[in-house]
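Listed below are the residues making up each chain.
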Amino acid sequence: MKRVLLFIVVLLVCMTTAFAGGQKEAPAKAAEAVKLALWTQEGESEGAFQFVVSLAEAFQAAHANVTIEVLNKETEALREDFQTASLAGDPPAFVWTVNDHAGPFTTANLIMPVESLADLSKYVEGALGAVTINGKVWGVPISSGNHLMLLYNKDLIATPPATTDDLIKVGKQLTKGDTYGIVWNQMEPFWLVPWLGGFGGQVFDKDGVTPTLNTKAMVDTLRFLQELKFTQKIMPAESDYGTADTLFKEGKAAMLINGDWSLGDYKNTMGARLGVARIPKISSTGKWPAPYTSGKYFMVSNKVTGAKLDAVKEFIAFATNQANQLAMVEKLTRLPALKTALDTDRIKNDPILKSSSDQMVVGTGMPPVIEMRCNWDAMKPELIAALSKTKTPEDAAAAMQKAAEACVKTIK
């Protein structure tokens, strides 16, 4: 009997050991392989595209099961291609883009609200407001600002002008031969908007969706720009983004109006020669020009689910954590969207970032509504016409309004 009991005990121990050993040796379930496509409108010239790629590579190094393919597209191409790909059922998982894409993307029901994807209380309120439509937030902020400001070459000008009267005076002194007092992208209405704010205008009525382009403020703005170009002659006859950028880098423009996205590039190429200030106050109104402010954002396709959505959430948290927000400050000289990063001495003690922040506080949030696309499309050809003097400011403003109203009726 004792031998039988002993045999049973030994058998049970062996079975238990074998079972435990089998469990111990069983391979752990491998994490599901996830491949994500991330489209961004960040370009290579400022080093921004490279920064996005570096974030993706760092994330992949810590998540062996995740592959992130980063693709650059020009801003408008990204909008159009994302819409086309979404309608075809094959969009990228998410995009790194500007706030005004939220309007068309939400209207077409292509992206998801982000309240469940991140703790939005951690981000700057102004940046969140620029992607809030109908009470929902449609993008996780990456940077805050995205605003225009005055950049100047300290080798050519010691103190930037504080008013437009000063701008004209200094600009005339500095405009000689192929060197100009000031340059900017004359082809895009994004560079028109700050001046419009300085003359007391805005592109929408109080309801936030009705265009108000045929106004005295718009006419005064266009007339002022014509004066700088044709009367005072402190600007080149023509300049798009690339031309203005080249003139400034080559020392053939004392001042440039450009955005915070360009600061990293100019800081690298100009070093201590780079100065940053507010766009000069309008002497006739006493108002500061009000550039649009927003930021860059992650927007997520509403077709993303399961393991892909989990990976997207993790990457967003990673890309906007304190360390990577401050890395963005170092590499791109942009203001962070994370509150704790914006409140560091790194921002407060940097004269360029401090000046950028100073310009941002007199800016105005860029409307994310789809009607803004109507305004952009209506303003651009008429701005070009006014700055080529093929139309009067009055005719250009009237044509802007007519085109914007027709577009709004179409989208509604």
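Worth saying up front: this structure is predicted, and the values here are computed from it rather than measured. (Residues numbered from 1 in each chain as written. Predicted model: local features only at pLDDT ≥ 70, side-chain atom pairs only at ≥ 80, totals over all residues. Heavy atoms only, no water.)

Asker: Help me understand the confidence of the model for the protein chain in this model?
Answerer: Caution applies to low-pLDDT parts of the model: their predicted coordinates are not meant to be read in detail. Chain-level pLDDT for the protein chain is 92 on average; 93% of the residues reach the 70-or-more range. Predicted confidence for residues 1–29 stays below pLDDT 50, and this span has zero contacts to residues more than four positions away or in other chains. (pLDDT = per-residue confidence, 0-100. Contact = heavy atoms within 4.5 Å.)

Asker: Explanation requested: the nonpolar core in the structure shown.
Answerer: The nonpolar side chains of a soluble globular protein tend to be buried with one another. Judged by nonpolar contacts, the single largest core of 58 residues is most densely connected at Leu-36, Leu-38, Ile-68, Phe-94, Phe-298, Val-300 and Phe-315. Tallying contributions element by element places helix α2 (residues 48–62) first for this core, with seven residues. (Core = buried A, V, L, I, M, F, W, Y, C linked by side-chain atoms within 4.5 Å. Buried < 20%, exposed > 50% of the residue type's maximum accessible area, 1.4 Å probe, protein only. Helix = DSSP H or I, 4+ residues; strand = E, 2+ residues; numbered from the N terminus.)

Asker: What am I meant to see in the packing of helix α9 (residues 241–249) against helix α10 (residues 263–270) here?
Answerer: What describes two packed helices is the angle between their axes and the distance between those same axes. Packing of α9 against α10 leaves a shortest axis separation of 11 Å and a crossing angle of 30 degrees. In this view, α9 runs roughly parallel relative to α10, as classed from their interaxial angle. Crossing angle aside, the handedness with which α9 passes α10 is right-handed. Along its contact with α9, which presents Asp-245, Phe-248 and Lys-249, the element α10 presents Asp-265, Tyr-266, Thr-269 and Met-270. Along the lines of polarity and charge, the residues of the contact of α9 with α10 split into three nonpolar, one polar and three charged. (Axes fitted to C-alpha atoms, helices over the stretch in contact; angles between N-to-C directions. Parallel < 35°, antiparallel > 145°, perpendicular 65-115°, else oblique. Left-handed = near helix turned anticlockwise from the far one by under 90°. Nonpolar A, V, L, I, M, F, W, Y, C, P; charged D, E, K, R; others polar.)

Asker: Mind showing me how you'd approach helix α8 (residues 216–231) here?
Answerer: Residues three or four positions apart in an α-helix share a direction because the helix packs 3.6 residues into each turn. Within α8 the residues assigned to the buried category are Ala-217, Met-218, Val-219, Thr-221, Leu-222, Phe-224, Leu-225, Gln-226, Leu-228 and Lys-229. Elements in contact with the buried residues of α8: α6 (164–174), α7 (193–198), α16 (371–387) and α17 (393–411). In the segment just after α8, Lys-233 is the residue with positive phi, at about 55 degrees.

Asker: Mind showing me how you'd approach the sheet that holds strand β8 (residues 180–183) here?
Answerer: The pairing of strands in a sheet happens through backbone hydrogen bonds and is either parallel or antiparallel. Strands sit in the order β8-β9-β7-β10 across an open sheet of four strands; the sheet is mixed. Two strands in the sheet have a free side with no partner beyond their single neighbour: β8 and β10 (274–277). Sheet twist, expressed as the average angle between the axes of neighbouring strands with direction ignored, equals 20 degrees. Note: strand β7 (residues 148–153) against strand β9 (residues 253–259), five bridges, orientation antiparallel. Paired with Leu-151 across the bridge in β9 is Leu-256. Along the sheet, α10 contacts β7, β9 and β10; its crossing angle with β10, the most-contacted strand, is approximately 145 degrees. Those strands touched by helix α15 (residues 351–360) are β7 and β10, and its axis lies near 25 degrees from that of β10. (Pairing = 2+ DSSP bridges.)

Asker: Please explain α9 as it appears in this structure.
Answerer: Along α9, the residues that are buried comprise Ala-244, Asp-245, Leu-247 and Phe-248. End-on, the buried residues of α9 take up no more than an arc of 165 degrees, which puts them together on one face. For α9, the elements touching its buried residues are β7, β8, β9, α10 and β10. At the N-terminal boundary of α9, the capping side chain belongs to Asp-240, with an oxygen 3.3 Å from the backbone nitrogen of Gly-242. Directly beyond the C-terminal end of α9, a positive phi value near 75 degrees is found at Gly-251. (Arc of directions from axis to C-beta. Polar contact = N/O pair within 3.5 Å; in protein donor to acceptor, adjacent residues only side chain to side chain.)

Asker: Hey, could you run me through the environment of Ser-143 in this one?
Answerer: Positionally, Ser-143 belongs in strand β6 (residues 140–145). Under the relative-accessibility criterion, Ser-143 is labelled buried at 2%. Distance from Ser-143 to Thr-320, taken between C-alpha atoms, is 8.8 Å for residues 177 residues apart in sequence. Those residues in contact with Ser-143 that sit more than four places away from it in its chain are Ala-127, Ser-294, Gly-295, Lys-296, Met-328, Arg-334, Leu-335, Pro-336 and Ala-337.

Asker: Hey, could you run me through the environment of Pro-336 in this one?
Answerer: As for its position among the elements, Pro-336 is in strand β12 (residues 335–336). Taking the relative accessible area as the measure of exposure, Pro-336 reaches 0% and is therefore buried. Residues Pro-336 and Ile-347, spaced 11 residues apart in sequence, show a C-alpha to C-alpha distance of 9.1 Å. Not counting the four nearest positions on each side in its chain, Pro-336 is found in contact with Val-124, Ile-142, Ser-143, Ser-144, Gln-325, Met-328, Val-329, Ala-341, Leu-342 and Ile-347.

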